[in-house]
Amino acid sequence: MRDQLSTSISAHRPGTEQIEEASRLLAESPSAADLVSRLEHLLQLLYESARVRVSCRSQGSAFWSSRSGPVIPAPAEGDPAGISPASLEDDGESLRAVRRGPDGSTVWVTIEPESPSSRFTAADLPPFHLACVLFDAATGALLQRQHQKGLAFSLNQSVLQLNSLIETGIEIARLSSDLSPLSIALERAAALTNASRGCITLSRGTSVLEKILFPAGMDTDRRGSTHTISAEFIFDGVTTTFELFDKESRTGPVPFDTTDRLLLDAISRQVHAALENRFLHRQSLEKQRMEQDIAVAASIQQRILPATLPAIPGYDTAGINIPSKSVGGDYFDCIPLSDGRFALVMADVSGKGIPAALLVSSLHATLSAYLEQSIPLLDLARRLNSAVHRASTDDKFITAFLGILTPSSGHLETVNAGHCTVYWRKADGTVIELSQGGIPFGMLGIDFPYQSEAIALGPGDRLLLYTDGITEANDDGGRLYDSEGSLKSFFERQTPADARTFIADLIADVKAFTGSAPQADDITALYLMRNT
Amino acid sequence: MEQPFSLTTELRDNRLVIATRGYINNVGGEAIAEAFRRHFAEGVKHVVIDLAQSRVVNSIGISFLIEMIETLQEADGRLIFTNLDPAVEKMLTIMGLFRYAGKENAVEDALQTFERQP
């Protein structure tokens, strides 16, 4: 009987080429399932008339499966204790071997004669043994390929992480980007670490300002999370906390590793730097805009000031305005009135910058309008006080000197609204101070009773109007130009033949005093002398 | 911000178009693979994965995509990705997917490619 079966197997054994092809396919199996399937195919070729059954049980599983059916009962003989070589079992009733699959599964191979009465002999064992050796070799090769593939995947992933880290840094640092750097950073951090979800919380103290979730609408309850990592930084009083939950793997959640923590820390630092850069960039733009505004304001202010003074018959006049770096609030003018008189104006707005420039513009417009109406000087002062008070904030006011000159008679009516003392030098050398008036315009919102004084300028008389940019011009040591009455004595002493020379000499004297010290305030002066 | 994952499938002349939305991670990758397996078992060997609505992919999601590409390769099939966000395209390039899979601008382009190279 045994001889008959051996003869039968040998008689139906396929050709060498077919077996070689099946062996090659077995060696090139791309997966554990294919390996088992191809082993079964090879055995079926070798034992054509027998019943080949290859059962597999995954690592840790209680169920066996085969290619012919998803689940089969455990072999009647019970579970194998471990791997075993090809052997002849039960007096030739079956050939049996137990091998280990590449995925850790147990592969149980049983070959039974087609007829229950048939038996295998020792002569039937070598092909089975050979198939088992081929299976083991193919398993090793598959494991090697999988290992190499895993290494390549891991290497690619490391390159990807490095590349993404660089790209993320560039993207979130892009100042023109409309996207929030936080959203980009959270997406990238989650993807790079294989986190299933993530969250960024912005908080100030104990109050949460904003939460950014990835994916949108995710559950922020961390009680269900087995693994989390976090990183945080504080910028501008706001704490930004990154949290990543549940690192994924193909077999379920796994703990985050050191690389994940390094990646999250790196991205968190990139965001911190990006936010700082955006803040500094915004400040820089704001400063640039302010400087542009100031330049425009300075330009407007310069246009308000007279380029040339009108000629007053019998008089010589000269004026100057040297603006400091920032926009100041100095204003002067000599305005011809419709009745032949002239208005002499010298004013200084408290403070500097755009608000001061705006107030100068307002004063210029209001003064021009009132002068057109030939309003008496004291009324003009009261109205200007009200108008400036209405147009300015409480801390803004204007010191001003107004004078209405009748050229033919030399009659000059003046109001000094809290401005620097105006000097009047008579032809005989006497210097008289003109300070009668009242409070600066706009200081109080009341109908203030201004007082005026009237003088008569005779031939050879001179008048000096100026702002505190001259008296308070300081040298490197911080000493003021007029701290010892320098201006008055200069005015008293210097009597050049024309007004322009006086102004030039005055400025030269001030500059000689201040030396290399920067000009802190506008320097403005108006000089008038009666010739005849 | 990326939405929770979802997908739609469409068979056009026995070519499977899978359009995804949201994060392609373990959940997303498994859902794509399951949709693929179902149709592959019925003989579908040309697959388009439209990633227009997916801007974030992690390596677990990529591992599912690689398995699909390998399965299709063994069956002489082909996979083409479409509507790739630049960041996703770079990611798939670095991971080596385009050595064995194609990429096109739009789904229609991918289907035409299948027409030309069946």
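Residues numbered from 1 in each chain as written. Chains lettered and ligands numbered in written order. Predicted model: local features only at pLDDT ≥ 70, side-chain atom pairs only at ≥ 80, totals over all residues. Heavy atoms only, no water.

**Brief notes about the pairing of strand β17 (residues 431–434) of chain A**
For clarity, the threshold we go by: Any two strands between which DSSP finds at least two bridges are classified as paired. By definition, any uninterrupted DSSP run of H or I lasting at least four residues is a helix, any uninterrupted run of E lasting at least two residues is a strand, and each is numbered from the N terminus.
Direction of pairing for strand β16 (residues 422–425) of chain A relative to β17(A): antiparallel, over a ladder of four bridges. Looking at β17(A), one finds that A:W424 is bridged to A:I432.

**Side note on the sheet that holds strand β1 (residues 6–12) of chain B**
Residue and element names in this part refer to chain B. The condition that has to hold: Axes here refer to lines fitted to C-alpha atoms; in helices the fit is confined to the stretch in contact. Angles between the N-to-C directions go from 0 to 180 degrees.
An order of β1-β2-β3-β4-β5 is seen for the five strands of this open sheet, with the pairing classed as mixed. Each end of this open sheet is capped by a strand with a single partner; those strands are β1 and β5 (102–104). Here the average twist between neighbouring strands, direction ignored, is 20 degrees. Inspection of the sheet shows strand β2 (residues 15–21) paired to strand β3 (residues 46–53) by six bridges, in the parallel sense. Within the sheet, the bridge partner assigned to A19 lies in β3 and is D50.

**Let's talk about the confidence of the model for chain A**
Going by this rule: Per residue, pLDDT measures the predictor's confidence, with a range of 0 to 100.
Looking at chain A, pLDDT values average 87 and 92% of them are 70 or higher. Ranking the helices and strands of chain A by mean pLDDT puts strand β20 (residues 462–466) of chain A first, with 98, and helix α1 (residues 2–12) of chain A last, with 44.

**Looking at helix α2 (residues 16–27) of chain A**
Just so we agree on the cut-off: The span you would expect from a helix comes to 1.5 Å times its residue count less one. Throughout, a contact is declared for two residues whenever any of their heavy atoms are within 4.5 Å.
Here α2(A) spans 16 Å end to end across 12 residues, near enough to the 16 Å set by a 1.5 Å rise per residue. Where α2(A) is buried, its residues touch α3 (32–46) and α4 (125–173) of chain A.

**Describing the sheet that holds strand β9 (residues 228–235) of chain A**
Residue and element names in this part refer to chain A. Taking strand neighbours across the sheet as the criterion, the four strands line up as β8-β7-β10-β9 in an open arrangement whose pairing is antiparallel. Looking at strand neighbours, the two that pair on one side only are β8 (207–214) and β9, the edges of this open sheet. Put simply, the sheet's adjacent strands are angled 15 degrees from each other on average, direction ignored. Both β9 and strand β10 (residues 238–247) contribute to a ladder of eight bridges, which runs antiparallel.

**A short note on the layout of surface pockets**
Worth spelling out the cut-off: Cavities and pockets are found on a 1 Å grid laid over the protein atoms alone: a cavity is a set of points where a 1.4 Å probe fits but cannot escape, a pocket is an open set with protein on both sides within 12 Å along at least five of seven lines, and a lining residue has an atom within 4 Å of such a point. Grid points are joined across faces, edges and corners, and a volume is the space filled by probe spheres set on the points. We call Asp, Glu, Lys and Arg charged. Ala, Val, Leu, Ile, Met, Phe, Trp, Tyr, Cys and Pro are nonpolar, and the rest, Gly among them, are polar.
There is about 1600 Å³ of room inside the largest pocket. In terms of lining residues, the largest pocket is bounded by 42 residues, among which A:K149, B:S63, B:I66, B:E67 and B:E70 are the most central. Broken down by secondary-structure element, the contributors of at least two residues to the lining of the largest pocket are α3 and α4 of chain A together with α1 (26–40) and α2 (59–74) of chain B. No other element matches α2(B), which puts 12 residues into the lining of the largest pocket. Of the residues that constitute the lining of the largest pocket, the class distribution is 17 nonpolar, 14 polar and 11 charged.

**Regarding the packing of aromatic side chains**
What counts, and what does not: Two rings from Phe, Tyr or Trp (for Trp, the six-membered ring) form a pair when their centres are within 6.5 Å of each other. A pair whose planes differ by under 30 degrees is stacked, one over 60 is edge-to-face, and the rest are tilted. Two conditions define a charge sitting above a ring: the NZ of Lys or the CZ of Arg must be within 6 Å of the ring centre, and it must be within 35 degrees of the ring normal.
Using the criterion set out here, one finds 14 aromatic pairs over all chains in the structure. Here the aromatic rings of A:F441 and A:Y450 are separated by 5.6 Å at their centres, their planes lie at 65 degrees, and the arrangement is edge-to-face. Taking the ring centre of A:F245 as reference, the NZ or CZ of A:R197 above it sits at 4.8 Å. Here the basic side chain of A:R250 rests over the ring of B:F64, its NZ or CZ set 3.5 Å away from the ring centre.

**Details of the confidence of the model for chain B**
One rule of thumb: low pLDDT means the predicted coordinates there are not for detailed reading. On average, chain B scores 94 in pLDDT, and the residues at 70 or more come to 97%. Scored as a complex, the prediction yields pTM 0.62 and ipTM 0.90.

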